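The primary structure of each chain is shown beneath.
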Protein chains: 2
Amino acid sequence: MSSRQRKAAAAPDRGLESPLPGKAARQTTVHPVSSPDLIFREIIQGLYKGTYVPGQRLVEVDLTQKWGVSRGTVREALNRLAAEGIVVLSRHRGAAIRVLDVAEMQDILAVLEMMIGMAARLAAQRIGLGANRERFTESFEMLLGFRSRPDSMDLVRARNRFYRTLAAIGGNKELELLLSKVQVHLLRVQLRALHESLVVERFDDYNRIGDAVLAGDARRAELAARRHVRAMMDILDKVLA
Amino acid sequence: MSSRQRKAAAAPDRGLESPLPGKAARQTTVHPVSSPDLIFREIIQGLYKGTYVPGQRLVEVDLTQKWGVSRGTVREALNRLAAEGIVVLSRHRGAAIRVLDVAEMQDILAVLEMMIGMAARLAAQRIGLGANRERFTESFEMLLGFRSRPDSMDLVRARNRFYRTLAAIGGNKELELLLSKVQVHLLRVQLRALHESLVVERFDDYNRIGDAVLAGDARRAELAARRHVRAMMDILDKVLA
DNA sequence: CCGACTATATTGTCCGACATCTTCGTTGAC
DNA sequence: GTCAACGAAGATGTCGGACAATATAGTCGG
């Protein structure tokens, strides 16, 4: 019974036309993050910190106790991590941090070359629009600021931010979204585990990319970005030899 | 209390090294699909069928009644759909089928041009390996078989399969994964709604792509693929003019 | 007609329970 | 002693209910 009769989603009632777009309207309450969100980020951060290593199994009950949340909440976080490709799920066997084999790393880098190249090209083309130049310059200089002190969690953040900004001012939302789904986190961590030399930050490359973007030289920006990724591929190949 | 002490995922016990890879071992039970999986697919299929239209809200309780599952299950499905970008979630406001604006469609097509181009290039390079030629030929001919009878759900499946095969024989797993995350479903449905002419299947394009791939001509395959996507972008532009 | 307040619908999160399934140690036959 | 079948324990899949938090709609007073 109950007045809960609703025709089960049959009526195409249009709603949520613009869920996020800022009408600068009243933000009734600040919606910081949901619990699954927190766990999601914690685990990614734990990846960099070494709290979690590829191959490690994630048992629901354990996570429940660790963060004091319910299984349902943990489950949501795990599903999102799986959707991102960071953990693998197999029915009735549970979750584990994904292990990349060398072929997968090469695949990721190959795709990354194309996507980062595109992002750099678009960014160079649109560097003059709006506040793009300021935004880019800021994240660029912040990244370069770590030249003297690598190996910190802040550097990781700065690098990620640099790439996010690159994609953002490029203006292609879909590219931005897809780039966030490429397994850069896993790749970095597992490359580092593979060989120490791979962890070296290539600031010269960053410089070349940044310069070309700021110069508005789309072709050069794309080439610099692609060369950067290709350099990592080469190092990977050498390590294997 | 309770012997449930487990150090909360601190021990890097390696497990699930190869969750899927076929050791051709005993498959104790056939794991068809989980309930969230079913709902996930149903909704995507419903998109094509018109059961669900962009902008339509998806209320959890409705879906639980429609499929006779619990809210938790529905929730999982919605989260996955959100992760794929098919629905948008906003806190306490619920889920709705994502509405693409024209800019987003253009973004998606721009990324698609690059990715499909890459897939076609790789596929042409590897057409000779293993059973690639057979696999590709089969899906190719199946697609062409619909030349005389467009506008069926089967055609949708055939086209998707063609692209999946293209990506698969290309051999880059990451590209394959990312391609599956591009919003082709939404794009097709909303393009169709925008203008009837956009629904026309471009079999000539498919032919050119297929021929080039089968000929092992990587350059030509990439160009044909990119041109196909670009043609759709042009039509989109014309409709807007 | 407009703005503040209240009611309701809906989502976010938790808890507990049970079925299903995997894993692994044990038993027993060969 | 080896190996397969059996069975117990651990973990996940799914369910149902419950309550809090919050957005939206409707109501009331001005």
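Our structure is the block above this text.
Here is a short report on the structure shown in this document. (Residues numbered from 1 in each chain as written. Chains lettered and ligands numbered in written order. Predicted model: local features only at pLDDT ≥ 70, side-chain atom pairs only at ≥ 80, totals over all residues.)

### So, the protein's contact with DNA strand C
Taken together, 20 residues surround DNA strand C, and among them A:Ser34, A:Val69, A:Thr73, B:Glu60 and B:Gly94 come closest. Residue assignment for the surface near DNA strand C shows that the elements contributing at least two residues are helix 1 (35-49) and helix 3 (71-83) of chain A together with helix 2 (60-67) and strand 3 (94-97) of chain B. Here the residues of the surface near DNA strand C are counted per class, giving six nonpolar, 11 polar and three charged. (Near = placed C-beta within 6 Å. Helix = DSSP H or I, 4+ residues; strand = E, 2+ residues; numbered from the N terminus. Nonpolar A, V, L, I, M, F, W, Y, C, P; charged D, E, K, R; others polar.)

### Quick word on helix 5 (residues 132-144) of chain B
All names here are of chain B. When the terminal C-alpha atoms of helix 5 are compared, their 18 Å separation across 13 residues agrees well with the 18 Å that a helix rising 1.5 Å per residue should span. Of all the residues in helix 5, the buried ones are Phe 136, Ser 139, Phe 140 and Leu 143. Down the axis of helix 5, the smallest arc covering the buried residues is 105 degrees, so these residues share one side. Looking at helix 5, the residues exposed on the side facing more than 90 degrees away from the buried face are Glu 134 and Glu 141. In this fold, the buried residues of helix 5 make contact with helix 4 (102-125), helix 6 (153-170) and helix 9 (203-214). (Expected span 1.5 Å × (residues − 1). Buried ≥ 20, exposed ≤ 12 C-beta atoms within 10 Å, placed from the backbone. Arc of directions from axis to C-beta. Contact = placed C-beta atoms within 7 Å.)

### As for helix 3 of chain A
Side chains that are three or four residues apart share a direction in an α-helix, a result of its 3.6 residues per turn. For helix 3 of chain A, spanning 13 residues, the distance from its first C-alpha to its last is 18 Å, which sits close to the expected 18 Å at 1.5 Å a residue. Regarding helix 3 of chain A, the residues found buried are A:Val74, A:Arg75, A:Glu76, A:Ala77, A:Leu78, A:Asn79, A:Arg80 and A:Leu81. Tucked into the core, helix 3 of chain A has its buried residues touching helix 1, strand 1 (57-58), helix 2 (60-67), strand 2 (87-90) and strand 3 (94-97) of chain A together with helix 3 (71-83) of chain B. Immediately beyond the C-terminal end of helix 3 of chain A, within one or two residues, lies A:Gly85, with a positive phi of roughly 85 degrees.

### With respect to the sheet that holds strand 1 (residues 57-58) of chain B
Residue and element names in this part refer to chain B. Pairing is antiparallel across the open sheet formed by three strands, whose spatial order is 1-3-2. Each edge of the sheet is formed by a strand with only one pairing partner; in this case those strands are strand 1 and strand 2 (87-90). By the bridge criterion, four bridges tie strand 2 to strand 3 in an arrangement that is antiparallel. Across the sheet, the residue bridging to Val 87 is Ile 97, located in strand 3. Each of strand 1, strand 2 and strand 3 touches helix 3; the most contacted strand, strand 2, lies at about 110 degrees to it. (Pairing = 2+ DSSP bridges. Axes fitted to C-alpha atoms, helices over the stretch in contact; angles between N-to-C directions.)

### Looking at the sheet that holds strand 2 of chain A
Residues and elements named next belong to chain A. Taken together, the three strands give an open sheet; going across it, the order is 1-3-2, and neighbouring strands pair in antiparallel fashion. Two strands close off the open sheet at either side, each with one partner strand: strand 1 and strand 2. Pairing between strand 1 and strand 3: two bridges, direction antiparallel. What sits directly across from Arg 57, in strand 3, is Ala 96. Each of strand 1, strand 2 and strand 3 touches helix 3; the most contacted strand, strand 2, lies at about 110 degrees to it.

### Notes on the environment of A:Arg149
In this structure, A:Arg149 sits in the loop between helix 5 (132-144) and helix 6 (153-170). Taking the C-alpha atoms as reference points, A:Arg149 and A:Gly46, separated by 103 residues in sequence, lie 21 Å from one another.

### What about the nonpolar core?
Core analysis: the largest hydrophobic core is formed by 113 residues, its most contacted members being A:Ala119, A:Ala120, A:Ala123, B:Ala119, B:Ala120 and B:Ala123. When neighbours within four sequence positions are excluded, B:Ala119 is seen to be in contact with B:Leu166, B:Ala167, B:Gly170, B:Leu175 and B:Leu179. (Core = buried A, V, L, I, M, F, W, Y, C linked by C-beta atoms within 7 Å.)

Everything listed is a geometric property; what it means functionally is a separate question.
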